[in-house]
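Topology and contacts: notes
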Amino acid sequence: MTKLVYIGGYGHSGSTLLEYLLAASPEAVACGEVASVLRDRDRKGKCTCRRPIRECPVWGPLFASPDTLDGMSHESLSRALVAQDRDAHAILIDSTKTAWRSAAVPFCLASALGGDFALVHLVRDPRAVAWSGVKKAGRRGARPLLPLRSASAALGWWIANLACEAFGSKYPDRYVRLRYEDLARAPDDEMQGLFAKLVPQSTWPADGIGANDNRHQLYGNRMRAANLSLAEVREDTAWQRDMPRLYRSLVSLLTAPLRWRYGYA
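This report concerns the structure included in the present document.

Definitions and cut-offs
- Residues numbered from 1 in each chain as written.
- Predicted model: local features only at pLDDT ≥ 70, side-chain atom pairs only at ≥ 80, totals over all residues.
- Heavy atoms only, no water.
- Helix = DSSP H or I, 4+ residues; strand = E, 2+ residues; numbered from the N terminus.
- Buried < 20%, exposed > 50% of the residue type's maximum accessible area, 1.4 Å probe, protein only.
- Polar contact = N/O pair within 3.5 Å; in protein donor to acceptor, adjacent residues only side chain to side chain.
- Contact = heavy atoms within 4.5 Å.
- Axes fitted to C-alpha atoms, helices over the stretch in contact; angles between N-to-C directions.
- Parallel < 35°, antiparallel > 145°, perpendicular 65-115°, else oblique.
- Left-handed = near helix turned anticlockwise from the far one by under 90°.
- Phe/Tyr/Trp six-rings, centres within 6.5 Å; stacked < 30°, edge-to-face > 60°.
- Lys NZ or Arg CZ within 6 Å of the ring centre and 35° of its normal.
- Nonpolar A, V, L, I, M, F, W, Y, C, P; charged D, E, K, R; others polar.
- Expected span 1.5 Å × (residues − 1).
- Arc of directions from axis to C-beta.
- Pairing = 2+ DSSP bridges.

Let's talk about the side chain of serine 36
Considering the arrangement of structural elements, one finds serine 36 in helix α2 (residues 34-39). We classify serine 36 as buried; its relative accessible area is 6%. Looking at serine 36, its side chain comes within polar contact range of the side chain of arginine 39, at 3.3 Å. Those residues within four positions of serine 36 in sequence are excluded, and the remaining contacts are Arg41 and Tyr219.

Right under this line is the structure:
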């Protein structure tokens, strides 16, 4: 059976990058933020595979009837995607993460799918996460209240990561933790190690990045539609330069000691 790989953690932590890199292998199929399909299904006309949604081999069957998705939960849609794949791929990726409404989803899916489920806990420095959220709000024309948004991001970061920690305690054999910073600094090494855990006895082909017709991410970071190479993977450190010291200190205070647990001084 196709294994469902769920990327957990908080938003703005590099999940789209990780999913993009996983899809370098033809053994993977990337489905993006599955929960967003239910919330915003009328907002997209094309899939990342560049086909109209109804012609996409992944989403087309589910969008064939306007009633198909009605009443589906996030868990049931993810399971429907796995069943529909029919062992065509070794892994199917859902990058919804575990913030707020999705914190309990990995537990439900692990209970339903057993050993055919794995959680990749993706962690990023909470100060970078908070600043990325502020920048996104600014691009959308909002005028973010920095103290409120910083505090909200810190709380969301706690919830998302503690949900993954709890999952790892309950299902240690189906849990892998990965830091965004390590992935961005040494993508080849980190992907080789991660893929070996997700798909034993398989190797991750770096030369396959962007070469396969297996990315069907309707929702996620804008990177999902880019043409990316391994040489272009760089750590985003803009927060270290641009984030005001006051708000950096606020997020630092609100996220200790979990921040220290992950190696962020």
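What about the packing of helix α7 (residues 146-170) against helix α11 (residues 245-255)?
Taken N-terminus to C-terminus, the directions of α7 and α11 make an angle of 30 degrees; their axes are 9 Å apart at the nearest point. Between α7 and α11, the angle falls in the class roughly parallel. For α7 against α11, the interelement crossing comes out right-handed. Contacts between α7 and α11 pair Leu146, Pro147, Ser150, Ala151, Ala154, Trp157 and Trp158 from the former with Tyr247, Leu250, Val251, Leu254 and Thr255 from the latter.

Here we look at the side chain of glutamate 181
Mapped onto the elements, glutamate 181 comes out in helix α8 (residues 180-185). When near neighbours in sequence (up to four residues on either side) are disregarded, glutamate 181 contacts Val123, Arg124, Asp125, Glu235 and Tyr264.

Let's talk about the packing of aromatic side chains
This structure, assessed with the given rule, holds 6 aromatic pairs. Relative to tyrosine 171, the ring of phenylalanine 167 lies with its centre 4.9 Å away and its plane at 40 degrees, an arrangement referred to as tilted. Members of the aromatic cluster, each reached through a chain of ring pairs, are Tyr6, Phe107, Phe117, Phe167 and Tyr171. Lying across the ring of tyrosine 180, arginine 124 places its NZ or CZ 4.5 Å from the centre. One residue, arginine 215, lies across the ring of tyrosine 20, its end atom 4.2 Å from the ring centre.

Some words on the packing of helix α1 (residues 15-22) against helix α9 (residues 187-198)
Where α1 contacts α9, the two axes come as close as 11 Å, and the packing angle between them is 70 degrees. Here α9 runs roughly perpendicular to α1, going by the angle between their axes. Mapping the contact onto sequence places Leu18, Leu21 and Leu22 in α1 and Pro187, Met191, Leu194, Phe195 and Leu198 in α9. The residue inventory of the contact of α1 with α9, partitioned by class, reads 8 nonpolar, no polar and no charged.

Some thoughts on α9
Helix length check: α9, at 12 residues, gives a terminal C-alpha distance of 16 Å against a target of 16 Å (1.5 Å per residue), a fit within 8%. Along α9, the positions that sit buried rather than exposed are Pro187, Met191, Leu194, Phe195 and Leu198. Looking straight down α9, one finds that the buried residues subtend no more than 100 degrees of arc, so they occupy a single side. Of the residues in α9, the exposed ones pointing more than 90 degrees away from the buried face are Asp189 and Lys197. On its buried face, α9 is in contact with β1 (3-8), α1, β3 (91-94), β4 (117-123), β5 (175-179) and α8.

Notes on the pairing of β1
For β1, the tally of buried residues reaches 6 of 6 residues, placing the bulk of the element in the interior. Burial along β1 is two-sided: the face carrying Lys3, Val5 and Ile7 and the face carrying Leu4, Tyr6 and Gly8 are both buried. Bridge analysis of β1 against β3 gives 4 bridges, and the strand direction is parallel. Among the inter-strand pairings, lysine 3 is bridged to a residue of β3, identified as isoleucine 91. Pairing between β1 and β4: 5 bridges, direction parallel. Residue pairing in the sheet places valine 5 in a bridge with alanine 118 of β4.

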